[in-house]
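Residues per chain, in single letters:
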Amino acid sequence: MRPLREDTSAAAHAANAGPSRSAYRMRRAWALPWVRTAVTVYLPLGLFALVAWGVISNDRLRIAVETRVSAMVDALAARPEFVVRGVRIEGGSPTMREEVRAVAGPIAGQSSLHLDLGALRAELEALGRVASASVVFDPNGTLRITVRERRPAALWRDPDGTLWVLDRAGVVMVAADRRLGHAELPLLMGLGAPRMIDEALQLMETAPALIPRVRALARVGTRRWTLVLDREMVVMLPSEDPVRALKGVMALQFGEEVFSRDLSVIDLRIPHRPVLRLAPRAAEAMVLRRAVDLVLGEET
């Protein structure tokens, strides 16, 4: 019976004994934050970098890995759930939608994993007619392209004589074949006119009664506007606040009907001293009237 008691006391002593010295040291080291970070973060990264370096440095192994990965990607891309089932274009005019379709190309039947939607959107927004574009896939596998079209605001004849359609921001939309095809749009001329299109449109809005007579708005020296009207009449506006100057001459029109007279130039470049010039035929008529008045005066 005595040996049994000794064995029992020895087992109890072993159970109550603390951890070994090495286990204690490991627990204390693991309590340090930098040790945990090194083991959980830097050690896996180092192993991954070591494996990656081994793959890259071995040409045969690298080619095998690239081939395997490419085959996996192609197999995944060929799955039915990633196939583009159709293309739907929304927004804009029929002409612009045809341009968008031509840029997008034959997408139906391709894998959506092989399409760069960001590049396609940038290519669409590079079109002159497109103000903005959105390219997304719907749950049914249809590529939906939504575009917002720029609105024509004016025509611009550049120094080379080419005619362009501009939007309100002065962005060139498309080349215009001829002026008569856009008769409702004002014609701008001169270098730098697109940058000042907003001011030109304000001038047209200030004088709606003149719109039927305005043939062009010419930008002179990149500083000021000259309105070219029919009947060989021009209105020379100042470089500073031309809208106000035009409002003043329009107020004069209501009382004096200056635009109904035989004038060739209405010079408003000096705001406090406008200059009116008679047309050549009006000047000749005035000379004849004065001569007749002199003759009649002598006879009487």
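To be clear, the structure that these remarks concern was listed above.
Given the structure is predicted, the values throughout are model-derived calculations rather than measurements. (Residues numbered from 1 in each chain as written. Predicted model: local features only at pLDDT ≥ 70, side-chain atom pairs only at ≥ 80, totals over all residues. Heavy atoms only, no water.)

Caption draft 1: Highlighting the overall build of the chain. When helices and strands are tallied, the chain shows 9 helices and 12 strands. Counting across all 300 residues of the chain, residues that qualify as buried make up 29%. By element, 58% of the accessible surface of the chain is carried by carbon and sulfur atoms, the whole surface being about 20200 Å². (Helix = DSSP H or I, 4+ residues; strand = E, 2+ residues; numbered from the N terminus. Buried < 20%, exposed > 50% of the residue type's maximum accessible area, 1.4 Å probe, protein only. Areas by Shrake-Rupley, 256 points an atom, 1.4 Å probe, with all protein chains shown as cover.)

Caption draft 2: View of unusual backbone geometry. Positive phi values are uncommon outside glycine, yet threonine 222 reaches one of about 55 degrees. In this fold, threonine 222 is placed in the loop between β8 (214–220) and β9 (224–229). Positive phi values are uncommon outside glycine, yet aspartate 241 reaches one of about 50 degrees. You can see aspartate 241 is positioned in the loop between β10 (233–236) and α8 (242–256).

Caption draft 3: Quick look at the pattern of salt bridges. Evaluated as defined, the whole model comprises 11 salt bridges. Among the salt bridges present, the one from arginine 144 reaches glutamate 90, with a minimum N-O distance of 2.8 Å. Within this pair, whereas arginine 144 is found in strand β3 (residues 142–149), its partner glutamate 90 is found in strand β1 (residues 86–90), the two being separated by 54 residues in sequence. Residue arginine 144 is classed as partly exposed on the basis of its relative accessible area of 31%. The salt bridge partner of glutamate 149 is arginine 129, with a shortest N-O separation of 3.9 Å. With a gap of 20 residues between them, glutamate 149 in strand β3 and arginine 129 in the loop between α6 (117–125) and β2 (130–137) connect regions that are remote in the sequence. (Salt bridge = Lys/Arg side-chain N within 4 Å of Asp/Glu carboxyl O.)

Caption draft 4: Representation of the environment of threonine 142. Mapping threonine 142 onto the fold places it in strand β3. Of the residues examined, threonine 142 reaches a relative accessible area of 18% and is grouped as buried. Sequence separation of threonine 142 and valine 87 is 55 residues, and the distance between their C-alpha atoms is 5.6 Å. When neighbours within four sequence positions are excluded, threonine 142 is seen to be in contact with Gly86, Val87, Arg88, Val136 and Phe137. (Contact = heavy atoms within 4.5 Å.)

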